[in-house]
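Architecture at a glance
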Amino acid sequence: MTTTAPDLDKTPAKPAKARRVGGVMGNAGLYLATGVAAVLFLIPFYLIVRNAFMTDPEITGEEWKWFPSTIQWGNITEPFDDVTVDFARSMWNSLVVAVLHTVGILLICSLAGYGLARIPYKHANKVFYAVLATLMVPTAVTFVPSFVLVSSLGWVDSYRGLIIPGLFSGFTCFLFRQYFLGFPKELEEAARVDGLSYWGAYWRVVVPNSLNFFAAIATITFIAGWNAFLWPLVIGQDPSAWTVQVALSSYATNQTVNYHLIFMATAISILPLVFVFLFLQRWLVQGIAQTGIKG
């Protein structure tokens, strides 16, 4: 009769109470870290709103004030009443540029990414590596040639000059390719059996089943288009072609700095981004998780 020696290396399991305490402490630490990060993230927005409803002496005064002594509601209309800067026009220009830029990026880069991921072509990898190589070229290198080309075409002070040069992004194309590589091939094969072409499969099968990812890319692209400054500053030489970021920069000159006007105009310019983010935040998180990039 043989006996089995006890397993001396086996560590006893932690009691249920200890596991519960550890879980509570872990959750508490997670919530604390999230709360601190949220507060740090919201501080700039608090300062913008606070200063927007203050007077310049309160903003620059030595005594710190958490809130305005008297809320200056008249500051809201001041950016639109300024005769030197057509702020409403600049907001409209930014909206047109950001929307058309977003639509163009989604269409062109998604088609390029889908072609690189799905359409058989012996030089597909070479084309993909060429696209990746564009990410290594500094923007400053292509800035002057792009301006010379746009200027020669007569696109200065026009929507064409503001939008068309930025309608392709190598990084966005890369993201779409990575996403489409993980897209279920069975759905596309079924569409091909039904007689759809690559375009039909892309438009009628892939896009409707990828709205989360498209929404995520659209959010990021819209924010980038809205916040663009250097290219619109060079192309929009006439005040009628200014975007909102260029208009904001005009409030600070060598002679005067109108603080409350700058902060109020900044707060107004942020509102479209806040609405877009709040509307698409659910799809933004889901879409980023589907890029195929593991961090």
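Residues numbered from 1 in each chain as written. Predicted model: local features only at pLDDT ≥ 70, side-chain atom pairs only at ≥ 80, totals over all residues. Heavy atoms only, no water.

1. Details of the UniProt feature "transmembrane region" (unreviewed entry) in the protein
Annotation from UniProt places "transmembrane region" (unreviewed entry) at residues 28-49, 95-116, 128-150, 162-180, 201-224 and 259-280. Within the segment residues 28-49, helix and strand shares are 100% and 0% respectively, and the terminal C-alpha atoms sit 31 Å apart. Across residues 95-116, helical content stands at 100% and strand content at 0%; the span's end C-alpha atoms are separated by 31 Å. (UniProt positions renumbered as here; feature names shortened; annotations may be inferred. Helix = DSSP H or I, 4+ residues; strand = E, 2+ residues; numbered from the N terminus.)

2. Some points on helix H5 (residues 124-134)
Looking only at H5, the buried set comprises Ala124, Phe128 and Val131. For H5, the angular spread of the buried residues around the axis is 60 degrees, confining them to a single face. Away from the buried face of H5 by more than 90 degrees, exposed residues Lys126 and Tyr129 are located. Packed against the buried residues of H5 are helix H4 (87-118) and helix H8 (170-181). (Buried < 20%, exposed > 50% of the residue type's maximum accessible area, 1.4 Å probe, protein only. Arc of directions from axis to C-beta. Contact = heavy atoms within 4.5 Å.)

3. Description of the packing of H8 against helix H11 (residues 211-227)
To characterise two packed helices, one gives the angle between the axes of the helices and the distance between these axes. Contact pair H8 / H11: the axes reach a minimum separation of 12 Å and the direction vectors enclose 165 degrees. Taken together, the axes of H8 and H11 lie roughly antiparallel to each other. By crossing handedness, the relation of H8 to H11 is classed as right-handed. Judged by residue contacts, Thr172, Leu175, Phe176, Tyr179 and Phe180 of H8 engage Phe213, Phe214 and Ile217 from H11. Looking at side-chain class alone, the contact of H8 with H11 contains seven nonpolar, one polar and no charged residues. (Axes fitted to C-alpha atoms, helices over the stretch in contact; angles between N-to-C directions. Parallel < 35°, antiparallel > 145°, perpendicular 65-115°, else oblique. Left-handed = near helix turned anticlockwise from the far one by under 90°. Nonpolar A, V, L, I, M, F, W, Y, C, P; charged D, E, K, R; others polar.)

4. Quick word on unusual backbone geometry
With phi around 60 degrees, aspartate 157 is a residue other than glycine that occupies positive phi space. Topologically, aspartate 157 is positioned in the loop between helix H6 (139-152) and helix H7 (159-163). Look at aspartate 157 and you get partly exposed, because its relative accessible area is 34%.

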